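Each chain is listed here by its residues.
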Amino acid sequence: ETPEFLAAFQARIDADEKIEPNDPMPAAYRKTLIRQIGQHAHSEIVGMLPEGNWITRAPTLRRKAALLAKVQDEGGHGLYLYSAAETLGVSRKQMTEELVSGRAKYSSIFNYPTQTWADIGAIGWLVDGAAIMNQVPLCRCSYGPYARAMIRVCKEESFHQRQGYEIMLKLAEGSPAQKEMAQDALNRWWWPSLMMFGPPDGASEHSDQSTRWKIKRFTNDELRQKFVDATVPQAQRLGLSLPDPALAWNEAEGRYDYGEIDWDEFWAVVKGHGPLNKARVAARKKAWEDGAWVREAALAHAKKRAARQSV
Ligand code: FAQ
């Protein structure tokens, strides 16, 4: 890769041109996208597990239908994203093998358990809320297939977020026990939701380069701040309190100050030592192994059809 090639590529990025699969691109740009899109796809697929846990126990038929649709959307987002990553030359099989062997990363948030029905509300409200904050700017990312995939994904995430907020609203306006359940879920999901945005800017190794390539449009801390500012009034509307004594409106800066995130917990979860990392990977491994016969049958069927057509 000559300096001229790299400069010409950067000039395309600077001119806000979209990079498409067959365009020449630096190897490091391709690698970064495969990493990020692959992790994003895995997050959607592993993200089906915490909520899938409550489908059979949703309190009403309406809640069950909405939750089923949401979890199904997540499966769709995962497939969309694997396809976007495949345009960069990696195969879905490779990515899945990395996931089921425990080598691939996916969002830290999905390693926490869903203990009560209120957790489904908290996930929709906070986890999807955080996902939207992070993903709306990705609709303008420099890589065409990723940017386009994000448009539909964000629309669906908006429905997910409202679904979750409505569960929280109902519980918060319900009996004292229901309100307490909502508060307990908020207490447990708040800090892990803030961790979804990634390490603080000073410790974010990829941010500078990804910003230059317009893969990232905001830093981790900028998006985290936007999320806090958007979410505090929503918590107030619910009549619930955020589990952070340091949270306070900063008039001079026009934003909320918030307390120190437990980065040791974050890194422990990212490195595989969260409450449910092992169970999540084991569940995906089992699904992959249980589905082997389907893949074999589909391949055998495709081969037979090809043989018939070539006669
Ligand atoms: N968990 O240098 P940075 C969803 C890793 S939403 C685990 O700052 P970068 C929807 C990072 O990979 C969730 N690992 O990295 C849904 C890197 O490690 P590496 C998924 C994390 O890439 C809702 C290292 O730390 N969304 O699924 C985390 O510039 C409800 C250094 O970090 C996306 O993936 C973390 N939280 O910025 C589904 C969005 N944070 O790769 C179901 C796309 C950082 O060098 C239910 N991704 N790491 O080994 C992104 O925007 C970025 O990749 C960031 C991280 C912002 C996540």
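Residues numbered from 1 in each chain as written. Predicted model: local features only at pLDDT ≥ 70, side-chain atom pairs only at ≥ 80, totals over all residues. Heavy atoms only, no water.

So, helix H10 (residues 220-238)
Then comes step 1: For H10, with 19 residues, the first-to-last C-alpha span of 27 Å sits near the 27 Å given by 1.5 Å per residue.
Then comes step 2: When the local axis directions of H10 are compared, the greatest deviation, roughly 25°, occurs at Thr-231, which is followed within four positions by the proline Pro-233.
Then comes step 3: Taken residue by residue, H10 has Asn-220, Leu-223, Arg-224, Gln-225, Phe-227, Val-228, Thr-231, Val-232, Ala-235 and Leu-238 as its buried positions.
Then comes step 4: The elements touched by buried residues of H10 are helix H6 (117-135), helix H7 (144-172), helix H8 (176-195), helix H9 (207-212), strand S2 (255-257) and helix H11 (263-273).
Then comes step 5: Positive phi appears at Gly-239, one or two residues downstream of H10, with a value of about 75°. (Helix = DSSP H or I, 4+ residues; strand = E, 2+ residues; numbered from the N terminus. Expected span 1.5 Å × (residues − 1). Bend = angle between axes of the 7 residues up to and from the residue. Buried < 20%, exposed > 50% of the residue type's maximum accessible area, 1.4 Å probe, protein only. Contact = heavy atoms within 4.5 Å.)

A short note on the side chain of Asp-73
Then comes step 1: Relative to the helices and strands, Asp-73 is located in helix H4 (residues 61-86).
Then comes step 2: Among buried charged residues, Asp-73 stands out as having no salt bridge; its nearest opposite-charge side chain is Arg-152, 6.7 Å away.
Then comes step 3: With near-sequence residues (within four places) excluded, Asp-73 lies in contact with Glu-156, Phe-159 and His-160. (Lys, Arg positive; Asp, Glu negative; His and termini not counted. Salt bridge = Lys/Arg side-chain N within 4 Å of Asp/Glu carboxyl O.)

Here we look at the site of the ligand
Then comes step 1: Taken together, 36 residues lie near the ligand, and Gln-39, Lys-105, Ser-204, His-206 and Lys-216 sit nearest.
Then comes step 2: Residue Gln-39 places a side-chain N or O atom 2.8 Å away from an oxygen atom belonging to the ligand.
Then comes step 3: A distance of 3.3 Å is found between a nitrogen atom of the ligand and a backbone nitrogen or oxygen belonging to Met-196.
Then comes step 4: Broken down by secondary-structure element, the contributors of at least two residues to the shell around the ligand are helix H2 (27-46), H4, H6, H7 and H11.
Then comes step 5: At six residues, H2 tops the list of elements feeding residues into the shell around the ligand.
Then comes step 6: Classifying every residue of the shell around the ligand by side-chain character gives 13 nonpolar, 13 polar and 10 charged. (Near = heavy atom within 4 Å. Polar contact = N/O pair within 3.5 Å; in protein donor to acceptor, adjacent residues only side chain to side chain. Nonpolar A, V, L, I, M, F, W, Y, C, P; charged D, E, K, R; others polar.)

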